Amino acid sequence: MATFRTGIGHDIHRLVPGCTLVLGGVTVPADRGFDTHSDGDVLSHALVDALAGAIADGDLGVHFPEDDPDAEDARSLDFVTSFGEHVRQAGYAVVNVDSFVVLGPIKLRPHLDAMRANIAEALKIPLANVSVKARSNDGLGLEGDGVACSAWVGVLIQPVND
Ligand SMILES: [Zn+2]
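Residues numbered from 1 in each chain as written. Predicted model: local features only at pLDDT ≥ 70, side-chain atom pairs only at ≥ 80, totals over all residues. Heavy atoms only, no water.

**Student:** What's the story with helix α1 (residues 42-54) in this structure? I'm lost.
**Tutor:** Given 3.6 residues per turn, any residue in an α-helix points the same way as the ones three and four places further on. The end-to-end C-alpha distance of α1 is 18 Å, a good match for the 18 Å that 13 residues give at a rise of 1.5 Å each. Across the 13 residues of α1, 11 count as buried, placing the element largely inside the fold. V42, L43, S44, H45, A46, L47, V48, A50, L51, A52 and A54 are the residues of α1 that are buried. Its side-chain oxygen 3.2 Å from the backbone nitrogen of L43, D41 forms the N-cap of α1. Positive backbone phi, at 50°, marks A56, one or two positions downstream of α1. (Helix = DSSP H or I, 4+ residues; strand = E, 2+ residues; numbered from the N terminus. Expected span 1.5 Å × (residues − 1). Buried < 20%, exposed > 50% of the residue type's maximum accessible area, 1.4 Å probe, protein only. Polar contact = N/O pair within 3.5 Å; in protein donor to acceptor, adjacent residues only side chain to side chain.)

See the structure below:
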């Protein structure tokens, strides 16, 4: 019987006027974005954390340290590609990804399919196995106000030779 494993991931970063908003490797037109290490892509960061959790192997910061000079201008979707390979080398295949991004004032829905496609390509899994949803938080809290943007990700993996 296949030994399925699950992982969850969460990330949140502050939004700063004039910075670039990148989510799932997609640059979303917006008046604000992330001002942090790498491109601040909370969806990609949460996804790596979910994958790391599924194989019980540390977290994003362990594998892609913030103080690494190479990470300064890194594209976070590349972290997903790299960690997807790490998961395969650990003997697992990603079954599916479910996720949502929480952000109030910026419309994300037109960009969700592009995020799905990027994630599917990065993990080498079918598009139909990747879900990205958007929530406005009903104007409540940091994400609802557009002060920050967060992401939640769940993944399922299974052993390749099982
Ligand atoms: Zn992050």
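Past the structure itself, the notes keep going.
**Student:** Could you clarify how one ought to interpret the coordination of the zinc ion in this entry?
**Tutor:** Reference geometry at the metal: tetrahedral coordination by four donors gives ideal angles of 109.5 degrees; octahedral coordination by six donors gives 90 or 180 degrees. In this structure, D11 (OD), H13 (NE2) and H45 (ND1) serve as the protein donors to the zinc ion, at separations of 2.0 to 2.1 Å. Positions of the donor residues of the zinc ion, expressed as sequence spacing, correspond to D-x1-H-x31-H. With a gap of 34 residues between them, D11 in strand β1 (residues 5-17) and H45 in helix α1 connect regions that are remote in the sequence. Each member of the pair D11 and H45 is classed as buried. (Donors = N, O, S within 2.8 Å, 3.2 Å for Na, K, Ca; no water.)

**Student:** How do you make sense of the packing of helix α3 (residues 76-89) against helix α4 (residues 112-123) when you look at a structure like this?
**Tutor:** In contact at an axis separation of 8 Å, α3 and α4 are set at 40° when each is read in the N-to-C sense. Judged by the twist between their axes, the crossing of α3 over α4 is right-handed. Touching L77, V80, T81, G84 and R88 of α3 are N118, A122 and L123, all from α4. Along the lines of polarity and charge, the residues of the contact of α3 with α4 split into 4 nonpolar, 3 polar and 1 charged. (Axes fitted to C-alpha atoms, helices over the stretch in contact; angles between N-to-C directions. Left-handed = near helix turned anticlockwise from the far one by under 90°. Contact = heavy atoms within 4.5 Å. Nonpolar A, V, L, I, M, F, W, Y, C, P; charged D, E, K, R; others polar.)

**Student:** Help me understand the environment of L156 in this model?
**Tutor:** In this structure, L156 sits in strand β7 (residues 148-159). Judged by relative accessible area, L156 falls into the partly exposed class, the value being 22%. Dropping the residues within four chain positions of it, L156 is found in contact with F4, R5, T6, A93, V94, V95 and N96.

**Student:** Explain the pairing of β1 here, please?
**Tutor:** Looking at chain direction, β1 and β7 are connected through 10 bridges and run antiparallel. Across the sheet, residue T6 finds its bridge partner in β7, namely L156. Relative to strand β4 (residues 32-34), β1 runs antiparallel, the two being bridged by 3 bridges. Counterpart to V16 in the pairing with β4 is G33. (Pairing = 2+ DSSP bridges.)

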